[in-house]
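Chains, contacts and geometry: an overview
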Amino acid sequence: MKESKINVAQPKDFLDKRNYLIKLERYSKELDQLDVKLNSYTCEPKTEDLFERKSLLKQQMHRLKKTNQEIIYSVKERKDLLENQVDRIKIQLQEFITLQSEFHAYYTRAQQH
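Residues numbered from 1 in each chain as written. Predicted model: local features only at pLDDT ≥ 70, side-chain atom pairs only at ≥ 80, totals over all residues. Heavy atoms only, no water.

1. Comments concerning the overall build of the protein chain
Worth spelling out the cut-off: Labels follow the DSSP assignment, with helices taken as runs of H or I lasting at least four residues and strands as runs of E lasting at least two, numbered in each case from the N terminus. Here the term buried applies to any residue with accessible area under 20% of the maximum for its type, exposed to any over 50%, and partly exposed to those in between, with areas from a 1.4 Å probe on protein chains only. Contacts: residue pairs with any heavy atoms within 4.5 Å of one another. All accessible-area figures derive from a Shrake-Rupley calculation using a 1.4 Å probe, and residue coverage is judged against the displayed protein chains alone.
From N to C terminus, the protein chain includes three helices and zero strands. Going from N to C terminus, the protein chain has its helices and strands arranged as α-α-α. Counting over 113 residues, the protein chain shows a buried share of 28%. When contacts within the protein chain are restricted to residue pairs at least 6 apart in sequence, long-range pairs at least 24 apart make up 79% of them. For the protein chain, the exposed area adds up to about 8,000 Å²; of that, 54% sits on carbon and sulfur atoms.

Structural data, given as structure tokens:
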């Protein structure tokens, strides 16, 4: 019986790892798309506040991209996920959602000016 429990747990861990990798890779692509959109003429800042916000968004995007790649690499290197990796992934995903929200707020304001 113990062997079947171990065998059942291994695929679940593999699926969790795979799901997290898929999410991270998808968010990586979405970050690239946001970066392209942020650098397009439709997002050109027209006020000092918008210039500052755009600069901060670019810094956040760069940091998130770098961290995302580091996490993807570390997850791929291990056979199973460590608890600290899962925590780091969850934080990364939450930061992405926050950045996405901030980007949409910036984009809306840039369109109004």
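2. As for the nonpolar core
Here is the rule: To qualify as a nonpolar core, a set must consist of buried Ala, Val, Leu, Ile, Met, Phe, Trp, Tyr and Cys residues joined through side-chain atoms within 4.5 Å.
Of all hydrophobic cores here, the largest spans 24 residues; its most connected members are Met 61, Ile 89, Phe 103 and Tyr 106. Of all the secondary structure elements, the ones that give two or more residues to this core are helix H1 (2-38), helix H2 (48-77) and helix H3 (83-112). Take this core: its biggest share by element is eight residues, from H3. If sequence neighbours within four positions are ignored, Tyr 106 has contacts with Leu 38, Cys 43, Glu 44, Pro 45, Leu 50, Arg 53, Lys 54 and Leu 57.

3. Focus: the side chain of Ser 28
We apply this condition: Two N or O atoms form a polar contact when they lie within 3.5 Å of each other; inside protein one atom must be a possible hydrogen donor and the other a possible acceptor, and for residues adjacent in sequence the pair counts only when both atoms belong to side chains.
On the secondary structure map, Ser 28 appears in helix H1. Engagement of the side chain of Ser 28 in a polar contact is seen with the side chain of Gln 69, the distance being 3.0 Å. Every residue in contact with Ser 28, bar those within four places of it in the chain, is listed here: Asn 68 and Gln 69.

4. Brief notes about the pattern of salt bridges
Put simply, the rule reads: Note on definitions: salt bridges are taken to be side-chain nitrogens of Lys or Arg within 4 Å of carboxyl oxygens of Asp or Glu.
Taken as a whole, this structure holds seven salt bridges when the rule is applied. Here Lys 65 makes a salt bridge to Asp 32, at a shortest N to O gap of 3.4 Å. With Lys 65 in helix H2 and Asp 32 in helix H1, this residue pair connects regions lying 33 residues apart in the sequence. Among the ionic pairs, Glu 95 bridges to Arg 63, the shortest N-O distance being 3.1 Å. Pair noted here: Glu 95 is in helix H3 and Arg 63 is in helix H2, with a separation of 32 residues, a long-range link. When salt bridges with common partners are traced through the structure, they connect Asp 32, Asp 35 and Lys 65 into a single cluster.

5. Overview of H3
Quick note on the threshold: Working rule for helices: expected span equals 1.5 Å times residues minus one.
Across its 30 residues, H3 extends 44 Å between first and last C-alpha, which sits within 8% of the 44 Å expected from 1.5 Å per residue. Here H3 has its buried residues at Gln 85, Val 86, Ile 89, Gln 92, Leu 93, Phe 96, Leu 99, Phe 103, Tyr 106 and Ala 110.

6. Considering H2
With 30 residues, H2 should cover 44 Å at 1.5 Å per step; its first-to-last C-alpha distance of 44 Å lies within 8% of that length. Taken together, the buried positions of H2 are occupied by Leu 50, Lys 54, Leu 57, Met 61, Leu 64, Thr 67, Asn 68, Ile 71, Ile 72 and Val 75.

7. Here we look at the confidence of the model for the protein chain
Defined as follows: Confidence of the predictor at the level of single residues is given by pLDDT, which spans 0 to 100.
Here the protein chain averages 85 in pLDDT, while 86% of its residues score no lower than 70. Of all secondary-structure elements in the protein chain, the lowest mean pLDDT belongs to H1, at 74, while H2 reaches the highest, 93.

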